[in-house]
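This is what each chain is made of:
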Amino acid sequence: MTLQLRVYVPPHPLIKHWLAVARDAGTPSVLFRSAMTELGRWLTYEAARDWLPTQETTVQSPLDTCSATVIDPRIPVAVVPILRAGLGLLEGAQTLLPLASIYHYGLVRDEETLQPHCYLNKLPEKFDPETRVLITDPMLATGGSIMAVMAELTQRGADPSLTRIVCVVAAAPALQKLSVAYPGLIIYTATIDEKLNNKGYIVPGLGDAGDRIFGT
């Protein structure tokens, strides 16, 4: 069967609400951070469906034993926030994945060439091939940052088919690049915007998510 990139835009009212808050240019930094946390939480909730490994067991209820399904603790889970804006989604993701290992990956974009440059790489030398990897990055715009991170992850043994990306806004250029390079990948986003401006920002987008999160 031919693999194909899948992009999900969950029709959840809370996701729609917090997206509207994040889009609003009048939203203050403190509330924008709350919006990012909530979007991280609800998009991760959707991404975890049919992704987190489970195992069957039995538990003793107050009245009798019964069958139960629990998260399989033997399978590692990792969250990779792309710094710095990916930190805005991390808190919400961590509330649902409290035992996940967190591996920071820092990128800065050259505003003239729009190419990303790595300044921090805390990825492990090798991932267990069964590791579930969740990447958090609010904006998938030109695709430069997410392609750089995916190249590093796969080089270190991460399986794209077990990887999920959580973002707030995605645009066609990034999705097209990912579709060609990693057709088994699955993305969860609050919305898809159609175009970029001449500075590589998504329109209407959110503006500079990092600056808005940290008030800079």
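The structure we're discussing is the one just above.
Residues numbered from 1 in each chain as written. Predicted model: local features only at pLDDT ≥ 70, side-chain atom pairs only at ≥ 80, totals over all residues. Heavy atoms only, no water.

Caption draft 1: Unusual backbone geometry, seen in detail. Here the amide bond leading from Leu-83 into Arg-84 is cis, since omega sits at 5 degrees, within 30 degrees of zero. Checked against the element boundaries, Arg-84 lands in the loop between β4 (77-83) and α3 (87-96). With an omega of 5 degrees, the peptide bond between Val-203 and Pro-204 qualifies as cis. With respect to the helices and strands, Pro-204 occurs in the loop between β13 (202-203) and α6 (209-214). Positive phi values are uncommon outside glycine, yet Asp-50 reaches one of about 60 degrees. Inspection of the secondary structure puts Asp-50 in the loop between α2 (29-48) and β2 (54-60). (Helix = DSSP H or I, 4+ residues; strand = E, 2+ residues; numbered from the N terminus.)

Caption draft 2: Here's a closer look at the packing of aromatic side chains. Tallied over the entire structure, the rule returns three aromatic pairs. Centre to centre, the rings of Tyr-8 and Tyr-188 are 5.1 Å apart; their planes meet at 20 degrees, and the pair counts as stacked. Placement of Tyr-8 in strand β1 (residues 6-8) and of Tyr-188 in strand β11 (residues 186-193) is noted, with a sequence separation of 180 residues between them. Between Trp-42 and Tyr-45, the ring centres sit 6.2 Å apart and the planes meet at 70 degrees, which makes this aromatic pair edge-to-face. One end of the pair is Trp-42 and the other is Tyr-45, both in helix α2 and three residues apart, which spans about a single turn. (Phe/Tyr/Trp six-rings, centres within 6.5 Å; stacked < 30°, edge-to-face > 60°.)

Caption draft 3: Structural detail: the pattern of salt bridges. Taken as a whole and assessed by the stated rule, the structure comprises seven salt bridges. When the shortest N-O distance is used, the salt bridge between Arg-41 and Glu-38 registers 2.9 Å. Here Arg-41 and its partner Glu-38 are both found in helix α2, three residues apart, which amounts to about one turn of the helix. With a shortest N-O distance of 2.8 Å, Asp-72 and Arg-74 are connected by a salt bridge. (Salt bridge = Lys/Arg side-chain N within 4 Å of Asp/Glu carboxyl O.)

Caption draft 4: Inspection of α3 at higher detail. Taken residue by residue, α3 has Gly-88, Leu-89, Leu-90, Gly-92 and Ala-93 as its buried positions. On the buried face of α3, the contacting elements are α2, β4, β5 (101-102), β8 (132-136), β10 (163-171) and α6. (Buried < 20%, exposed > 50% of the residue type's maximum accessible area, 1.4 Å probe, protein only. Contact = heavy atoms within 4.5 Å.)

Caption draft 5: Region of the structure containing helix α5 (residues 172-181). For α5, every residue scored as buried is listed here: Ala-174, Leu-175 and Leu-178. Buried residues of α5, seen end-on, are gathered within an arc of 95 degrees and therefore sit on one face of the element. Seen from the buried face of α5, the exposed residues on the opposite side, beyond 90 degrees, are Gln-176 and Val-180. (Arc of directions from axis to C-beta.)

Caption draft 6: Representation of the packing of helix α1 (residues 13-23) against α2. Relative to each other, α1 and α2 sit at 150 degrees, their axes nearing to 9 Å. Taken together, α1 and α2 sit at an angle that is classed as roughly antiparallel. The two elements α1 and α2 meet at a crossing, and its hand is left-handed. On α2, the residues that touch Leu-14, Ile-15, Trp-18, Leu-19, Val-21 and Ala-22 of α1 are Leu-31, Phe-32, Ser-34, Ala-35, Met-36, Glu-38, Leu-39, Trp-42, Leu-43 and Glu-46. In the contact of α1 with α2, the residues fall into 13 nonpolar, one polar and two charged. (Axes fitted to C-alpha atoms, helices over the stretch in contact; angles between N-to-C directions. Parallel < 35°, antiparallel > 145°, perpendicular 65-115°, else oblique. Left-handed = near helix turned anticlockwise from the far one by under 90°. Nonpolar A, V, L, I, M, F, W, Y, C, P; charged D, E, K, R; others polar.)

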